[in-house]
Amino acid sequence: MMVKREDLDAAVRAGVLNPLELDALFAFLRQRAAQSPSADAARFSGTHILYYLGGMLAIGAASLFATLAVEALGMGALLALSLLYAGMAMWVAATLERKGFGIPAGIFATLAVALVPLAVFALQHVLGFWADGPRAAHYRDFHRYIDWRWLVMELATLAAGAALLRRFRYPFLVMPIAVTLWYMGMDIVPALVLQAGEGAAWSSGAGSEAIWELRKVISLVFGLVMLLVAFFVDLRARHSKDYAFWLYLFGLLTFCGALSMMGSGRLAGKLVYLAVHFVLVFIGAVLARRVFAVFGGIGIAAVLTDLSWHLFKNSFGFVLVLTVLGFALIALGLWWSKHEAAMSARLRAVLPADLRELLQARHA
């Protein structure tokens, strides 16, 4: 909750606060807000945009840095340089944290995590791990191709991310962890296929239809697990910073992506897909998470567009139905705005205490 000077003046006029204590209380609150770790994150200024833009450019440059290092010096030098680069990033992060620059400290810590798969990639080559790998000439292939061998890099990145998150505790550090989990959801299928004795077929690109179906199902389940983990993190961090955002984002990306590829083209499947995305919008409204509403809205728009193009092409009836549905949703929104407080109070009354606190914190 943000308290302004006008709020304190109103409290004085209402007789709640002693006017002699007003200035001292306001000075104390200002000082406390300035010292709070979340105070810097509450504002998104031009300075912060430069912070994040610079951090993303530094992280993105890792792939180019890897390519140039390999071409010039080889994998051994890439391993040494990436470790040195990561060590410097952690040192800068610790220095900035001591000086009170929370956001750039978190960005440099994130850079260190992003360099972990690069270091592991180079180490794998030095040890001969990729001797028979068909797609390991460049580190950028990690972002382009799916292969079970990347799992070692991903597990190391998760371990490093968890360790640095425990040390620095900045929400932006969850971003590389979430991206790694997203990649792992795709790479875990080749690992399972290899264990089943079909690795050659996968590596040659001749994967069967059963393998493709397995990949979609595992990705769907993996996305649901990520969303459940994000919800658990959200509950645990309900009174502090928002550590769950990136997990929600990539969990939804994994889940919705797999769900979109599982359609058979039949009307029943499209209606189920539509219902699932309406549920996502509802969850977004309940949890005060716009990312659910965004993914749900995109899915709803995709289904309606597909129906209008394939089933109801040139049909005035479908246009009428969509128009009525749109007006009905607007009317529902107006009704909800009038009864939201009462409905929310009834809903929260039957929820566990932890979930009630989460909803109150996020809506506040």
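Refer to the structure above for everything that follows.
Scope of this entry: the structure provided in the associated data block. (Residues numbered from 1 in each chain as written. Predicted model: local features only at pLDDT ≥ 70, side-chain atom pairs only at ≥ 80, totals over all residues. Heavy atoms only, no water.)

Looking only at helices and strands, one finds 15 helices and zero strands in the chain. Burial statistics for the chain: of 364 residues in total, 38% are counted as buried. Summarising the internal contacts of the chain: among those between residues at least 6 apart in sequence, 63% fall at separations of at least 24. As displayed, the chain offers around 21000 Å² of accessible surface, 69% of which is attributable to carbon and sulfur atoms. (Helix = DSSP H or I, 4+ residues; strand = E, 2+ residues; numbered from the N terminus. Buried < 20%, exposed > 50% of the residue type's maximum accessible area, 1.4 Å probe, protein only. Contact = heavy atoms within 4.5 Å. Areas by Shrake-Rupley, 256 points an atom, 1.4 Å probe, with all protein chains shown as cover.)

Counted according to the given criterion, the structure contains seven aromatic pairs. Measuring from centroid to centroid gives 5.7 Å for Trp182 and Tyr183, while their planes differ by 50°, and the two rings are tilted. Between Tyr248 and Phe292, the ring centres sit 5.2 Å apart and the planes meet at 70°, which makes this aromatic pair edge-to-face. Note that Tyr248 is positioned in helix H11 (residues 245-261) and Phe292 in helix H13 (residues 290-310), a separation of 44 residues in sequence. Summarising the burial analysis for this pair, Tyr248 and Phe292 share the class buried. Three or more aromatic residues joined by ring pairs form one cluster here, namely Phe172, Trp182, Tyr183, Phe245, Trp246 and Phe250. The ring of Phe168 carries Arg167 above its face, with NZ or CZ at 4.4 Å from the centroid. (Phe/Tyr/Trp six-rings, centres within 6.5 Å; stacked < 30°, edge-to-face > 60°. Lys NZ or Arg CZ within 6 Å of the ring centre and 35° of its normal.)

A few words now on the pattern of salt bridges. A pair can form between side chains of opposite charge whenever their charged atoms are brought close. Going through the model one piece at a time under the given rule, you end up with two salt bridges. Here Arg167 ties to Glu97 by a salt bridge, and the two come within 2.7 Å at their closest N and O atoms. Of this pair, Arg167 sits in helix H7 (residues 150-168) while Glu97 sits in helix H4 (residues 75-98), placing them 70 residues apart in sequence. Close ionic contact of Arg289 with Asp234 constitutes a salt bridge, the shortest N to O distance being 3.1 Å. With Arg289 in the loop between helix H12 (267-287) and H13 and Asp234 in helix H10 (residues 209-236), the pair connects residues that are 55 residues apart, well separated along the chain. When sorted by exposure, Arg289 lands in the same class as Asp234, which is buried. (Salt bridge = Lys/Arg side-chain N within 4 Å of Asp/Glu carboxyl O.)

Okay, the nonpolar core next. The tendency in soluble globular proteins is for nonpolar side chains to be buried side by side. Counting residues in hydrophobic clusters, the biggest one holds 72 residues, and the most contacted among them are Phe168, Tyr248, Leu252 and Phe292. In this structure Phe292 touches Leu227, Tyr248, Leu252, Leu280, Val281, Ile283, Gly284 and Leu287, once residues within four positions along its chain are discounted. By size, the runner-up hydrophobic cluster in this structure holds five residues, among which are Leu8, Leu17, Leu22 and Phe26. (Core = buried A, V, L, I, M, F, W, Y, C linked by side-chain atoms within 4.5 Å.)

Backbone geometry at Arg169 places phi at a positive 60°, although glycine is not the residue there. Relative to the assigned elements, Arg169 resides in the loop between H7 and helix H8 (174-195). Given the relative accessible area of 48%, Arg169 is considered partly exposed.

What follows covers H4. Side chains three or four residues apart in an α-helix point the same way, a direct result of the helix having 3.6 residues per turn. For H4, with 24 residues, the first-to-last C-alpha span of 35 Å sits near the 34 Å given by 1.5 Å per residue. Listing the buried residues of H4 in full gives Met75, Leu78, Leu79, Ser82, Ala86, Ala89, Ala93, Ala94, Thr95 and Leu96. Positive phi appears at Gly100, one or two residues downstream of H4, with a value of about 90°. (Expected span 1.5 Å × (residues − 1).)

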